[in-house]
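Here's the letter readout for the chains.
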Amino acid sequence: MAGTGTPLLSAAGLLEEKRAGGGLLRDPVVLVSTGIIVLLVVIAVFAPFIATANPDSSNILAVNEAPSAAHLLGTDSLGRDLFSRLVYGARLSLLGPALIVCISSAAGTVLALAAAWFGGFFDQMVSRAADVLFAFPGIIFAIVAVSVFGRGLVAPVIALAIAATPYVLRVTRSVALRQRRLPYVAACYVEGVPAWRIGLRHLLPNVAPIILVQATLAFGYALVTLAAISYLGLGVQPPSATWGLMVATGQAAILGGHPEQSLYAGVMIVLAVVAFNLLGNRLAAHLET
Amino acid sequence: MILRLVAGRLAMLAVTVAVASIAIYGALYLAPGNPATLLAGGHATHAEIRLITRQLKLTEPFFTRYWDWLFGLLHGNLGESFLYREPVASLLAPRVLNTVFLVTYASVVIVVGGLALGLASALFKRLGMGITILTGVGLATPSFVAAIILITLFAVDWKLFPVFGGGAGFVDRLDHLTLPAVALALSWLAYTSQLTRTAVEDEVKKEHVETARGRGIARRHIVTRHLLRNAMIPISTVSGITVAGLIAGDVVVEQAFGVNGLGSFLVSSALDKDFASVQAVALILVATFVVVNALVDIWSLFLDPRLRAKGA
């Protein structure tokens, strides 16, 4: 869609606005959490350059090794380099939640804008449908989807995106409704600007900051849920490395005194989620003031 | 007046459960191939699939089939697992207790721990920062990560609790399910604690608390009667979300600790493609979640008279 650039633009606008008040960019929490997120994304994108070994090559002569110069974080129970697996694991661990957040934000926003614009029966239907969807805890929805469509990345991602949509919808709809009543919308309407154009060019930029905040918070939640699906063995399959899967496969070694793999992967998950939660909360706080 | 609100909420509950059941049953028909293949599991022969199609009258229209399924459910017939060749209901019966025990145990941990931590961080400023950091990390710790940390520390290093299984009998269960309950409770405990803190801090600033303090009412009394009672309102409205989290988390935690309950059964059924079991357990979990949510809503109507006025 033509409007893809708009949320970023007004996110920049948000930064601009707050800079005057010395807000967002001087907030150490925002800086640190953004730094962590950027770092994780860089690790995911440049995994082949950062990893020190092939993440999938095993070596039965070097299992459960302690950290050394050759293996920065040691090796797992198959002798694979843990550091490299964590680095490569960032890819699918972040790609999945990113897809979930993109799909649910897009779907939720379109529905919310349409509901706010048309009102009446359409609005009622959309809101009722959202109420019903709230009844599905995302992970159960995902498990049902996996049992029908099979394991992997696609089924859980689509299921979780559908489960996340009503949350985007509810918040965006209420903001869009407030905007809809403002005189500028009526002014556009009498000028004969087509509805889709008002939605895209005028309503969307005004609801974009709230969507961005929601998306940031939703990312952490999506990451946890997808990691849980992965942990349960319902997501992508070994030998692919995702952090959730690494926690699961490392669990057997815990009883043998080698909890490292599970713990490291767990720490990566917690780190990513903390960063997204902190950033989301701070953005929300700045947006309110 | 309040009866009408309650009736409205119950009607919504009924609609939600109905739609949820159609969705869960209908998922069968979304599958690639035909529903009988899915119900039969991965390795069924053609003869078996034909048998299932005949037995379940799968050639009949969707709503006839759905109606039969629903009618069976209401009479306690949850369908037949083709993997175990047993009624799903008799597979679930021995597992329900573990799940109920675990979720209840975790709820107690959340309420007691969350309220205590939240109150402490709101009332004692010096503790506040530390608790905020702890709860921030706790909130971001998924139950399965908490599980492996707890297993590493308490079960392997210090050997205080068993690592695996659900136990039998009350005391043994308590022992077996302590670590799972803590793992399940952790992020919700952190959430409740943060919420309590905010609610109490908002309440402390209000006039009625000032007045109570001015009148020389004992601090303990102010906290329990004036602060907590009002702070309970926002806390109890989110307890619905907490229940959703517990039901979702339960699935993961049971698997992590090898507790033989509904959640781990749901996961193993999904892995085994035992779709009849998946349907039954998913519906039970969703229905429980919806019912508890409705009860929470109704409960908050009674707790806060202002909501009643607003609803009118």
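Computed from a predicted model, the values in this text were never measured in an experiment.

(A) Highlighting the overall build of chain B. Broken down by element type, chain B carries 13 helices and two strands. In chain B, buried positions account for 47% of the 312 residues. Sequence-distant contacts in chain B: of pairs separated by 6 or more residues, those separated by 24 or more amount to 72%. On chain B, roughly 15400 Å² of surface is accessible, and the fraction owed to carbon and sulfur atoms is 68%.

(B) The nonpolar core, seen in detail. Counting 127 residues, the largest nonpolar core has I143, W243 and I269 of chain A together with F144 and F257 of chain B as its most contacted members. The leading source of residues in this core is helix α12 (residues 275-303) of chain B, at twelve residues. Two domains each put at least three residues into this core: domain 1 (2-74) and domain 2 (97-311) of chain B.

(C) Structural context of the environment of L83 of chain B. Residue and element names in this part refer to chain B. Relative to the assigned elements, L83 resides in the loop between β1 (80-81) and β2 (86-87). For L83, a relative accessible area of 44% translates into the label partly exposed. Taking C-alpha positions, L83 is 51 Å from A120, a pair spaced 37 residues apart along the chain. Setting aside its immediate chain neighbours within four residues, L83 contacts D272 and D274.

(D) Expanded view of the interface of chain B and chain A. Listed per partner, the contact involves 43 residues of chain B and 37 residues of chain A. At the boundary of chain B with chain A, total buried surface from both sides reaches about 3200 Å², with 85% on carbon and sulfur atoms. Ranking the residues of chain B by area buried against chain A places A140, F144 and I148 of chain B at the top, with a combined share of 19%. Along the contact surface separating chain B from chain A lie zero salt bridges. Taken together, the links from chain B to chain A amount to one residue pair in polar contact (both at pLDDT 80 or more). Contributions of two or more residues to the side of chain B that touches chain A are made by α1 (2-30), α6 (125-140), α7 (143-157), α10 (219-257), α11 (262-272) and α12 of chain B.

(E) Representation of the packing of α1 of chain B against helix α4 (residues 62-74) of chain B. Residues and elements named next belong to chain B. Across the interface, α1 lies against α4 with an axial gap of 11 Å and an inter-helix angle of 120°. With respect to their mutual orientation, α1 and α4 come out oblique. Relative to α4, the crossing made by α1 is right-handed. In this structure, α1 uses A18, S21, I22, Y25, G26 and Y29 to contact α4, whose residues at the interface are F62, F63, R65, Y66, W69 and L70. Across the contact of α1 with α4, the residue classes tally to nine nonpolar, two polar and one charged.

(F) Just the confidence of the model for chain A, in detail. Residues and elements named next belong to chain A. Per-residue confidence for chain A gives a mean pLDDT of 81, with 91% of residues at or over 70. Note on residues 1-12: pLDDT under 50 across the span, and ten contacts to partners over four residues away in sequence or across chains. Below a pLDDT of 50 lies the segment residues 17-21, which in the model reaches five contacts outside its immediate sequence neighbourhood of four places, other chains included.

(G) Representation of empty space enclosed by the protein in the model. Residues and elements named next belong to chain A. If you walk through the whole model with that rule in mind, you get two cavities of 30 Å³ or more. Lining the largest cavity we find 17 residues, and of these S93, L226, A227, S230 and T242 sit closest to its centre. Secondary-structure elements contributing two or more residues to the lining of the largest cavity are α4 (82-118), α9 (195-231) and α10 (243-254). Its residues placed into classes, the lining of the largest cavity shows eleven nonpolar, six polar and no charged. When its volume is computed, the second largest cavity comes out at roughly 50 Å³. Taken together, N64, T75, D76, S77, L82, G250, A253, H258, E260 and Q261 form the lining of the second largest cavity. Elements supplying a minimum of two residues to the lining of the second largest cavity: α10 and α11 (260-288).

The rules behind these values
- Residues numbered from 1 in each chain as written.
- Chains lettered and ligands numbered in written order.
- Predicted model: local features only at pLDDT ≥ 70, side-chain atom pairs only at ≥ 80, totals over all residues.
- Heavy atoms only, no water.
- Helix = DSSP H or I, 4+ residues; strand = E, 2+ residues; numbered from the N terminus.
- Buried < 20%, exposed > 50% of the residue type's maximum accessible area, 1.4 Å probe, protein only.
- Contact = heavy atoms within 4.5 Å.
- Areas by Shrake-Rupley, 256 points an atom, 1.4 Å probe, with all protein chains shown as cover.
- Core = buried A, V, L, I, M, F, W, Y, C linked by side-chain atoms within 4.5 Å.
- Domains from an automatic or database assignment.
- Buried area = accessible area lost by both parts, 1.4 Å probe.
- Salt bridge = Lys/Arg side-chain N within 4 Å of Asp/Glu carboxyl O.
- Polar contact = N/O pair within 3.5 Å; in protein donor to acceptor, adjacent residues only side chain to side chain.
- Axes fitted to C-alpha atoms, helices over the stretch in contact; angles between N-to-C directions.
- Parallel < 35°, antiparallel > 145°, perpendicular 65-115°, else oblique.
- Left-handed = near helix turned anticlockwise from the far one by under 90°.
- Nonpolar A, V, L, I, M, F, W, Y, C, P; charged D, E, K, R; others polar.
- pLDDT = per-residue confidence, 0-100.
- 1 Å grid on protein atoms, 1.4 Å probe; cavity = no way out; pocket = protein on both sides within 12 Å on 5 of 7 lines; lining within 4 Å.
- Points joined across faces, edges and corners; volume = space filled by probe spheres on them.

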